[in-house]
Amino acid sequence: MKLSSSTLLLIFSALVLLVSCASSSPAIDNFIQCLSNYSQPANPIFEAIYTPKNSSFPSVLLSYIRNKRFTTPTTLKPLAIVTAMHESHVQGTVQCAKNQGLQIRIRSGGHDYEGLSYVSYVPFVILDMFNLRSINISLADETAWVQAGATVGELYYRIAEKSGHFFGGGYGNMMRKYGLSVDNIIDAQIVNVNGIILDRKSMGEDLFWAIRGGGGASFGVILSWKIKLLRVPPIVTVFHANRTLEQGATDIAYQWQHVCHKLPEDLFIRVMPQVFNASQDSQKGKKTVVIAFIGLFLGQTQGLLSLLNESFPQLGLQQNECNEMSWVESTVFWADHPIGTSINVLLQRPKQPVIYLKNRSDYVKEVIPKEVLESIWKLMIKGGVGWMQWNPYGGRMQEISELENPFPHRAGNLFLIQYGFHWLEDGIDVTNKNLNLSKALHDAMTQYVSKSPREAFFCYRDLDIGANSDNYTSFDKAKVYGATYFKGNFERLVRVKTMVDPNNFFKNEQSIPPLPNYK
């Protein structure tokens, strides 16, 4: 399309202003000038570029940071942020960053525990996808196209606007029924290392396999996903039942391990041991562990109680602990909002980080002995903080082959553990204390979780597993975290990476490397 002289002047003037405000680095100056080639009259790119000299740069940077550990004065900041508002902005950012030797970090707004989408140790720019959030739902063929910047809450809300009888996947309380979101993706759009937009047909089945659970940011920039919509009943039942140690919570949690993966796939029960202040007067000032049993049943309360009385009577769930609601209302409940909160809360987006955190994960394949559970509670109480989430597997999760996509944690797993340490206090001493407590709890579980490799969930990133801390991706280091996250699928991911990005432009501390010495 030919641009008018006035349009060209407007674009040039805006870009000159941006360059004058940016760092004096020639690379970033040239990067911003390069982006002018990707500006269109209807989609001007200069409105999407922020540099440290822009007054709004700090708020844009902080808005999608979830972990305050990566907001310190010593945390390296990007040379620029491109808040893409059109797919051409994504193409331009990839091409211009590659031409100028700048690393890009791709941020979509999810729970990035280790800050890999907005922190780097080398000069870098952030490609921020939060403006690309359109959701197009087709009830006729029960699918939806979802841009990468849309949140899960927005997806659930938009589906509910169309129909209350579908949901859109994800990792969580529906996985025993339908598997993961990556199990229900049927197409995608990705910008490759050459700035070309590919769909499933043009990218080929190998790359399509890799991006469904192998970390899309190692292979390109995901623009959008096409997902299958999955059916849910008009009424579901949720519960949150706290049990104290004095009420026999340890015995209940022990029994849960025997049944959690065998229960009907319509039932999901999460176990969450957490440190609290003791409530009894005799224990005032002391810590204790309370175990929450949090559930979703795809049906009504009476059906749930009948099932549990037969299969898991140790929980002793009561009718007054249950709440019936629509499925979309249940997503608000699972986001820890009070019963009755409007589903409009699903449309809220974060403003800035409020907590420091360190999270880890483990897979459990054999029942953990009761005496070990008791020792773990004592360790948690001694530390005074922390929680665990145990998410049950079985159901659909054990039916899907571990080779179907890069996510390999299928049959043979009883449940996944997520360890969480969150704190509000500033200061390096407080941070180091919590990091050490997190490591101590994780170390204490070593004997009772998966081995060779000790598996972990890729979406709960943990750089302590292994990481590349500079601009070079060591294949030997990558093999360690690669086996932990992907088991035998790591080798296929490497082959795909070598095919589509042999020079390793798309990389981070835990990215997939190409084959070493590939020519």
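Figured I'd write up the structure that's included with this text. Note that this is a predicted model, so its numbers are computed, not measured. (Residues numbered from 1 in each chain as written. Predicted model: local features only at pLDDT ≥ 70, side-chain atom pairs only at ≥ 80, totals over all residues. Heavy atoms only, no water.)

**Let's talk about the overall build of the protein**
Helix and strand content of the protein: 15 helices and 18 strands. A compact globule built from 519 residues should have a C-alpha radius of gyration of about 24 Å, and the protein, at 24 Å, falls within 12% of that. Dimensions of the protein, computed from C-alpha atoms along their principal axes, come out at roughly 75 × 55 × 45 Å. Relative to its full complement of 519 residues, the protein shows a buried share of 55%. Restricting to contacts in the protein with at least 6 residues of sequence separation, those with at least 24 account for 73%. (Helix = DSSP H or I, 4+ residues; strand = E, 2+ residues; numbered from the N terminus. Rg over C-alpha atoms; globule rule 2.2 N^0.38 Å. Buried < 20%, exposed > 50% of the residue type's maximum accessible area, 1.4 Å probe, protein only. Contact = heavy atoms within 4.5 Å.)

**Some words on the environment of Thr244**
Residue position: Thr244 is located in strand β12 (residues 236-244). It is 8.4 Å that separates the C-alpha atoms of Thr244 and Thr288, two residues lying 44 residues apart in sequence. With residues near it in sequence (within four places) discarded, Thr244 still touches Ala249 and Val290.

**Notes on the packing of aromatic side chains**
Applying the stated criterion across every chain yields a total of 19 aromatic pairs. Between Phe70 and Tyr118, the ring centres sit 6.4 Å apart and the planes meet at 70°, which makes this aromatic pair edge-to-face. Here Phe70 is found in the loop between α3 (57-63) and β2 (80-83), whereas its partner Tyr118 is found in the loop between β3 (103-107) and β4 (124-128), with 48 residues between them in sequence. The same class applies to Phe70 and to Tyr118, which are both buried. (Phe/Tyr/Trp six-rings, centres within 6.5 Å; stacked < 30°, edge-to-face > 60°.)

**Some thoughts on the state of the cysteines**
Scanning all chains against the criterion turns up one disulfide. Cys260 provides the cysteine sulfur closest to Cys322, a residue in no disulfide bond, and the two sulfurs are 19 Å apart. (Disulfide = S-S within 2.5 Å.)

**Let's talk about unusual backbone geometry**
Looking along the chain, the bond that leaves Ser452 and enters Pro453 is cis, with omega of 5°. With respect to the secondary-structure elements, Pro453 resides in the loop between α13 (428-444) and α14 (475-486). Phi is positive for Glu142, close to 55°, though the residue is something other than glycine. By relative accessible area, Glu142 is classed as partly exposed at 23%. Of note in this structure, Lys487 is not a glycine but carries a positive phi near 50°. Within the secondary structure, Lys487 sits in the loop between α14 and α15 (489-500).

**Digging into the pattern of salt bridges**
The tally for this structure, following the rule as stated, stands at 28 salt bridges. Notably, a salt bridge pairs Arg243 with Glu321, separated by 2.9 Å at the nearest N-O pair. One end of the pair, Arg243, is in strand β12; the other, Glu321, is in the loop between α10 (301-311) and β15 (322-325), with 78 residues separating them in the sequence. Close ionic contact of Lys487 with Glu455 constitutes a salt bridge, the shortest N to O distance being 3.8 Å. Highlighted residues: Lys487 in the loop between α14 and α15 and Glu455 in the loop between α13 and α14, separated in sequence by 32 residues. Bridged by salt links that share partners, the residues Arg69, Glu114, Lys358, Arg360, Asp462 and Asp464 form one connected network. (Salt bridge = Lys/Arg side-chain N within 4 Å of Asp/Glu carboxyl O.)

**Here's the deal with the packing of helix α2 (residues 26-35) against helix α4 (residues 87-99)**
With their axes 9 Å apart at the nearest point, α2 and α4 run at an angle of 145° to one another. The two elements α2 and α4 cross, and the hand of that crossing is right-handed. Across the interface between the two elements, Phe31, Cys34 and Leu35 of α2 pack against Gly92, Thr93, Cys96, Ala97 and Asn99 of α4. Its residues assigned to classes, the contact of α2 with α4 comprises five nonpolar, three polar and no charged. (Axes fitted to C-alpha atoms, helices over the stretch in contact; angles between N-to-C directions. Left-handed = near helix turned anticlockwise from the far one by under 90°. Nonpolar A, V, L, I, M, F, W, Y, C, P; charged D, E, K, R; others polar.)

**Examining the pairing of strand β5 (residues 135-138)**
Here β5 shows a buried face lined by Ile135 and Ile137 and an unburied face lined by Asn136 and Ser138. The turn linking β5 back onto strand β6 (residues 143-147) is made up of four residues, and Glu142 within it adopts a positive phi angle of 55°. (Pairing = 2+ DSSP bridges.)

**Describing the packing of helix α9 (residues 249-259) against helix α12 (residues 370-383)**
Where α9 meets α12, the closest approach of the two axes is 10 Å, and the angle between their N-to-C directions is 125°. One way to sum up the angle between α9 and α12 is to call them oblique. Read as a crossing pair, α9 and α12 show a hand that is right-handed. On the side of α9, the interface is formed by Thr250, Asp251, Tyr254 and Gln257, while α12 contributes Lys370, Leu373, Glu374 and Trp377. Of the residues in the contact of α9 with α12, the class split is three nonpolar, two polar and three charged. (Parallel < 35°, antiparallel > 145°, perpendicular 65-115°, else oblique.)

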